[in-house]
Amino acid sequence: MSDFTENPFASSNSLDTNPFDDPSSKKPAQHDAHFEDISRRERDLERRERELNQRAEHIRTHGRNNWPPFYPVIYHAISEEIPEASRPLITRLYQLWLVLLGTLIINMVACIFLLIAGSSDGGKDLGGSIGYMFIIAPLSFLLWYRPIYNGYMKEQALYYYFYFFFGGFHLLFSVYMIIGIPSTGSAGLIQMIQMYAQGHWAAGILGTIATVGWTVQGLGNAFYYRQIWNHHSAAGHSMDKAKAELASHGAKAYFTRG
């Protein structure tokens, strides 16, 4: 009966719609959004492809080494190699090493101004500051920063003792540089005061910056030195374990990441 009661002349379209409208004209916004999404994905894929190609080229040329950036000789990646709980500490130590590097540069420039200001020991100070720049910068990285980096990465006692020995020496060196004894290559406290007293403001200001730099990195390293000592004690590291690791792995282990 329903077939006979249905109105054969009833329109299946709503009275509010225009039967002559093009249905495809209702979807330009959807097409635009879809096209934009595809374009965004394509750009993202292209960017990732470029990054992968650059990384592959870097690995082909240098292996996995990525530090220093201008001539990679070692692999350095705190976010990948250091346990998450220890990353903030190692990051701070790396930042303190960068402060040390900047301080060495400022100290050298300050010694140039000491020489210009007519300091009787200006030549010795400049020579010493240049020596510190090219000796202390790489040795500090290799002898106290890199050992503790490896120590937290591998959790081996040998690296901690490397760090404690050379890190302790660095703390003493920092105090020595803060004092600023003339003819030692330091533009520290004594040199800074003498420059202000003689009216050499440029040399005095640079000496102040150098002194602050030595103080900041010295105090920071002293603070973390104690934290690392506590961690080393809590982890049960001992000199006997360090000797056993040295006998088992040899000195070559210091230069490897495995």
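In what follows, the structure referred to is the one given above.
Residues numbered from 1 in each chain as written. Predicted model: local features only at pLDDT ≥ 70, side-chain atom pairs only at ≥ 80, totals over all residues. Heavy atoms only, no water.

### Considerations on the packing of aromatic side chains
For step 1, the next point in the chain: Summed over all chains, the structure comprises 20 aromatic pairs.
For step 2, the next point in the chain: Measuring from ring centre to ring centre gives 6.3 Å for Tyr161 and Phe164, while their planes differ by 80°; the resulting arrangement is edge-to-face. Separated by 3 residues within a single helix, Tyr161 and Phe164 lie in helix H6 (residues 157-179), roughly one turn from each other.
For step 3, the next point in the chain: Classification of Phe164 as buried rests on a relative accessible area of 7%.
For step 4, the next point in the chain: Through pairs of rings, three or more aromatic residues link up here, namely Trp67, Tyr94, Trp97, Phe141, Tyr145 and Tyr149.
For step 5, the next point in the chain: Taking NZ or CZ as reference, Arg64 lies 4.3 Å from the ring centre of Tyr75, over its face. (Phe/Tyr/Trp six-rings, centres within 6.5 Å; stacked < 30°, edge-to-face > 60°. Helix = DSSP H or I, 4+ residues; strand = E, 2+ residues; numbered from the N terminus. Buried < 20%, exposed > 50% of the residue type's maximum accessible area, 1.4 Å probe, protein only. Lys NZ or Arg CZ within 6 Å of the ring centre and 35° of its normal.)

### Quick notes on the packing of helix H7 (residues 189-197) against helix H8 (residues 201-234)
For step 1, the next point in the chain: Packing of H7 against H8 leaves a shortest axis separation of 8 Å and a crossing angle of 155°. Between H7 and H8, the interaxial angle falls into the category roughly antiparallel. As for the relative orientation of H7 and H8, their crossing is left-handed in sense. Residues Leu189, Met192, Met195 and Tyr196 of H7 form the contact with H8, whose participating residues are Trp201, Ala203, Gly204, Ile205, Gly207, Thr208 and Thr211.
For step 2, the next point in the chain: Residues of the contact of H7 with H8, tallied by class, amount to 7 nonpolar, 4 polar and no charged. (Axes fitted to C-alpha atoms, helices over the stretch in contact; angles between N-to-C directions. Parallel < 35°, antiparallel > 145°, perpendicular 65-115°, else oblique. Left-handed = near helix turned anticlockwise from the far one by under 90°. Contact = heavy atoms within 4.5 Å. Nonpolar A, V, L, I, M, F, W, Y, C, P; charged D, E, K, R; others polar.)

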